[in-house]
Amino acid sequence: MKNNIKNKITSQILTLTMVLFVFGCSKLSMDELSVDPNNPTSANLDLLITNAQSDIAGAFGTNWDRYAGTFVQTFAGNHATGVSSDRYQLTSNDFTGFFNVPYRTGMKDSYEIIKAGTTTEQWQHVGIAKVMMATMLGALTDVYGDIPYSEAFQGVALAQPKYDSQQDIYNEIFSLLQGAIADFNKTASSPIASNQDIIYQGDINKWKATANLLLARYNNHLSKKDANGSATSALSYVDAAMTLGINNAGNFDFNYDGSANWQNPWYVLYENNLIIASNKFMTLLQTTNDPRLKAYWDDRPFNYPNNGGVLGFVGKDNGDPTGGASYSPVGPNTFYGKKASPLLIATYFELRFIEAEAAMRLGNSTRAATALNAAINAQLDLVTPSVVDLLTSSGGDVPAYNAQIAAYKAMYASETAATVTMEKIMTEKYKAMFTMNIETWTDMRRHDFAYPGGGYVSLPNNATLASFIRRGLYPQSEIDNNSDNVPKGVTMTDKLWWDQ
């Protein structure tokens, strides 16, 4: 079980308070006053590594990762910016935090760890920081395309960094992850302590597997640039992760303790009700008798009525205006929506879906079928026990639910070389990657919104664009403060580098 984040952060706050007290009670020389706080001469890597993990992992499930759910129509907007994103009515003033905050917090900390830890040969800290940096770079570039990196993190010394091309950012992601694997294989001067690593508690084998998982993900993203080459590279990293024994227990996720200050962002969203179930996705689950319906959606919307009533499973049409009806949220009766639910960032089942797609591109339908079956089974085995627990505690029909799971596996996780198709792979991945919305959006853009098939994804009602949204707009803060470097003329229908 992962350590209690709140206790770690609390201790850091107390340390900071003591520092501020000393600062306030002493007279500093001009030399001391001239020290740039953004460029410390030494860094406490034990402190920074925890902050980097919590800041970067905590960025997922919010802002763009959340609203991408409306673009892929797993979710629908219910009010305010939820409806705006559903209709593509976004501006440069929306969602700046997803861009700005990581550069100032988690990515900055990761940069400092890499720089200082390389000097002190604290290779485990450095490797973890490289994985965290690559993870955040991947999310940012898959929303914005070109972003700052090579000149970033310099503080006042370089307050207006240039924007690197998305191709260069991808090459940097590969370099960081490959470098992390090499670092993990070195002898560290001071291995990371389990209570400093809030993701894997110092299990370096899991970090190596995760680095390979992410290398498989980002190589697979290049399917439009080099279909065969990207597939071959992705499968090589799938093999490496599998050799390291990756499984559901090694998922790259972020656990919350459920306290007032550390609650899963999907529970916070449940209370806000900003985005809820899309009618399309709800119908897809219901028509296939998918047992994950109850693992994904809560039939008791917040305060309906007075937080005690049961509505059932109801979705909303994408793009419809705010209305008086209640719709199903990701609530506390689901796997994803409890106060202390894990926030999934990259998973074993995603790795097997990547394997299935890459193998299919290379014409290896036998491997594709085997991987698809494994992916579906792994994701069902991860999320459905939460429903069994709920049914057990409420006196529900557990045998009937287990039979539903078995029937779904028999129908959808029993593919062979003769029956597997790319349509089946990508549709099942779409259903399984619930809440991992930037990844699903990336998949849909790579495949030009072809899956699920039959015109499943269509322009939402009241859409302000004539085609699907393909990228985000740069924040107004960047346009105002770094105007010489921000790419000009960007529109939300422009395709990113890997999408061409």
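The structure this text deals with has already been given above.
Asker: Pulling in residues and values, what's your account of the packing of helix H10 (residues 204-220) against helix H15 (residues 348-361)?
Answerer: Look at H10 against H15: their axes get within 10 Å of each other, and the N-to-C directions meet at 40°. As far as their axial angle goes, H15 and H10 are oblique. The way H10 lies across H15 gives a crossing that is left-handed. Of the residues in H15, those in contact with Leu213, Ala216, Arg217 and Asn220 of H10 are Glu350, Leu351, Ile354, Glu357, Ala358 and Arg361.

Asker: Tell me about H10, and name the residues and values.
Answerer: One turn of the α-helix equals 3.6 residues, which is why residues spaced by three or four share an orientation. With 17 residues, H10 should reach 24 Å at 1.5 Å per residue; the first-to-last C-alpha distance of 24 Å fits that figure. Among the 17 residues of H10, 15 are classified as buried, and the element is accordingly described as predominantly covered. Measuring from the side-chain oxygen of the N-cap residue of H10 to the backbone nitrogen of Asn205 gives 3.2 Å; that N-cap residue is Asp203.

Asker: With reference to specific residues and values, describe the packing of aromatic side chains.
Answerer: The final tally for this structure, using the stated rule, is 35 aromatic pairs. Between Phe75 and Trp297 the ring centres are 5.3 Å apart and the planes differ by 70°, which places this aromatic pair in the edge-to-face class. With Phe75 in strand S1 (residues 75-77) and Trp297 in the loop between helix H14 (293-296) and strand S4 (343-346), the pair connects residues that are 222 residues apart, well separated along the chain. Across the pair, exposure class does not vary: Phe75 and Trp297 are buried alike. Residues Tyr336 and Phe434 carry aromatic rings whose centres are separated by 5.2 Å and whose planes lie at 75° to one another, so their mutual orientation is edge-to-face. With Tyr336 in the loop between H14 and S4 and Phe434 in the loop between helix H18 (422-432) and helix H19 (437-446), this residue pair connects regions lying 98 residues apart in the sequence.

Asker: Residues and numbers for unusual backbone geometry, please.
Answerer: Leave glycine aside and you will find that most residues have negative phi; peptide bonds, for their part, are mostly trans. Of the consecutive residues Tyr451 and Pro452, the connecting peptide bond is found in the cis state with omega at -10°. Relative to the helices and strands, Pro452 is located in the loop between H19 and helix H20 (476-481). The phi dihedral of Glu121 is positive, around 60°, even though this residue is not glycine. Its place among the elements puts Glu121 in the loop between helix H7 (106-120) and helix H8 (123-144). Among the residues examined, Glu121 registers a relative accessible area of 44% and is labelled partly exposed. At Phe153, a residue that is not glycine, the phi angle is positive and equals roughly 70°. For Phe153, the position within the fold is in the loop between H8 and helix H9 (166-184). For Phe153, a relative accessible area of 8% puts it in the buried group.

Cut-offs and rules
- Residues numbered from 1 in each chain as written.
- Predicted model: local features only at pLDDT ≥ 70, side-chain atom pairs only at ≥ 80, totals over all residues.
- Heavy atoms only, no water.
- Axes fitted to C-alpha atoms, helices over the stretch in contact; angles between N-to-C directions.
- Helix = DSSP H or I, 4+ residues; strand = E, 2+ residues; numbered from the N terminus.
- Parallel < 35°, antiparallel > 145°, perpendicular 65-115°, else oblique.
- Left-handed = near helix turned anticlockwise from the far one by under 90°.
- Contact = heavy atoms within 4.5 Å.
- Expected span 1.5 Å × (residues − 1).
- Buried < 20%, exposed > 50% of the residue type's maximum accessible area, 1.4 Å probe, protein only.
- Polar contact = N/O pair within 3.5 Å; in protein donor to acceptor, adjacent residues only side chain to side chain.
- Phe/Tyr/Trp six-rings, centres within 6.5 Å; stacked < 30°, edge-to-face > 60°.

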